[in-house]
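# Residue-level structure breakdown
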Amino acid sequence: MLDGFQYLPEYLNRQAQEELVDDIRNHMKNNPFFTPRMPRSNNPFSVKMTNFGELGWVSDGTGYRYEKTHPTTKKTWPSIPRPLMSIWEDISQYKNPPHACLVNYYNSGAKMGLHVDNDEEDLAAPVVSISLGDTARFRIGGLNRKDPTQSFKLHSGDVVVLGGQSRLAYHGIDHIYGGSSTLLKKGGRLNLTLRRVNV
Ligand SMILES: O=C(O)CCC(=O)C(=O)O
Ligand SMILES: [Mn+2]
């Protein structure tokens, strides 16, 4: 495993997870999920997305990028919920706050292909990733797509940090274990990634 990768199982207990879901729900008002599309092919992602923060990650036929506004409502994104900022402060070991929190929602058939998070300018800052709801099978490899990978399960409340060398590691979600958690009333999995975008 590349240096700087951290896996923090059960970082949030059940109560902290429930409180976080309430906060997220409050910040979802007028901030619905949208369906991102692949650059060029325009094929829809199976994951639904929205964002919190000054900037949000979006993807459509034009490409991947950060934007100040939601692609369908055209509104600025809501602020990053306080408990997420505290998680960043506790574990990022970074001097500056995140600009963006990408919110991914996976239903039981959704996946995310192997990719690198490299639309950010500030690659010295880690990406901090929080999992809520159904268990996922996460895969992480090296700096090249063909490098060997390791897979493990991310449960509700687990946190992963892609920092240091692992900041540019290939990673993805192969599978969602539908019905494995009772946290989200409608099931599925939420993943929140805190990102510093600009230097
Ligand atoms: O859902 C996850 O655990 C990973 C999400 C991810 O890699 C991303 O949003 O870039
Ligand atoms: Mn990623």
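Our subject is the structure listed above.
Residues numbered from 1 in each chain as written. Chains lettered and ligands numbered in written order. Predicted model: local features only at pLDDT ≥ 70, side-chain atom pairs only at ≥ 80, totals over all residues. Heavy atoms only, no water.

## With respect to the sheet that holds strand β6 (residues 112-115)
Within a sheet, adjacent strands bond to each other through the backbone by hydrogen bonds, running parallel or antiparallel. Taken together, the four strands give an open sheet; going across it, the order is β6-β11-β8-β9, and neighbouring strands pair in antiparallel fashion. In this open sheet, the two edge strands, each paired with only one partner strand, are β6 and β9 (150-154). The average angle at which neighbouring strand axes cross in this sheet is 25°, direction not considered. (Pairing = 2+ DSSP bridges. Helix = DSSP H or I, 4+ residues; strand = E, 2+ residues; numbered from the N terminus. Axes fitted to C-alpha atoms, helices over the stretch in contact; angles between N-to-C directions.)

## Description of the site of ligand 1
Contacts to ligand 1 come from Leu102, Asn104, Tyr106, Met112, His115, Asp117, His171, Ile173, Arg189, Asn191 and Arg195. One of the side-chain N or O atoms of arginine 195 is found 2.9 Å from an oxygen atom in ligand 1. When isolated, ligand 1 has an accessible area of 290 Å², and the protein chains bury 96% of it. Put simply, the parts of the chain that give the shell around ligand 1 at least two residues each are β5 (100-106), β6, β11 (171-176) and β12 (189-195). Partitioned by chemical class, the residues of the shell around ligand 1 number four nonpolar, four polar and three charged. (Near = heavy atom within 4 Å. Polar contact = N/O pair within 3.5 Å; in protein donor to acceptor, adjacent residues only side chain to side chain. Areas by Shrake-Rupley, 256 points an atom, 1.4 Å probe, with all protein chains shown as cover. Nonpolar A, V, L, I, M, F, W, Y, C, P; charged D, E, K, R; others polar.)

## Description of the layout of surface pockets
By volume, the largest pocket is sized at about 620 Å³. Around the largest pocket, the lining is made up of 36 residues, and of these Met112, Gly113, His115, Asp117 and His171 lie nearest the centre. Secondary structure elements with two or more residues in the lining of the largest pocket: β5, β6, β7 (127-133), β10 (159-162), β11 and β12. Partitioning the lining of the largest pocket into residue classes produces 19 nonpolar, ten polar and seven charged. For the lining of the second largest pocket, the leading source of residues is helix α1 (residues 14-27), giving three residues. The residue inventory of the lining of the second largest pocket, partitioned by class, reads seven nonpolar, one polar and three charged. (1 Å grid on protein atoms, 1.4 Å probe; cavity = no way out; pocket = protein on both sides within 12 Å on 5 of 7 lines; lining within 4 Å. Points joined across faces, edges and corners; volume = space filled by probe spheres on them.)

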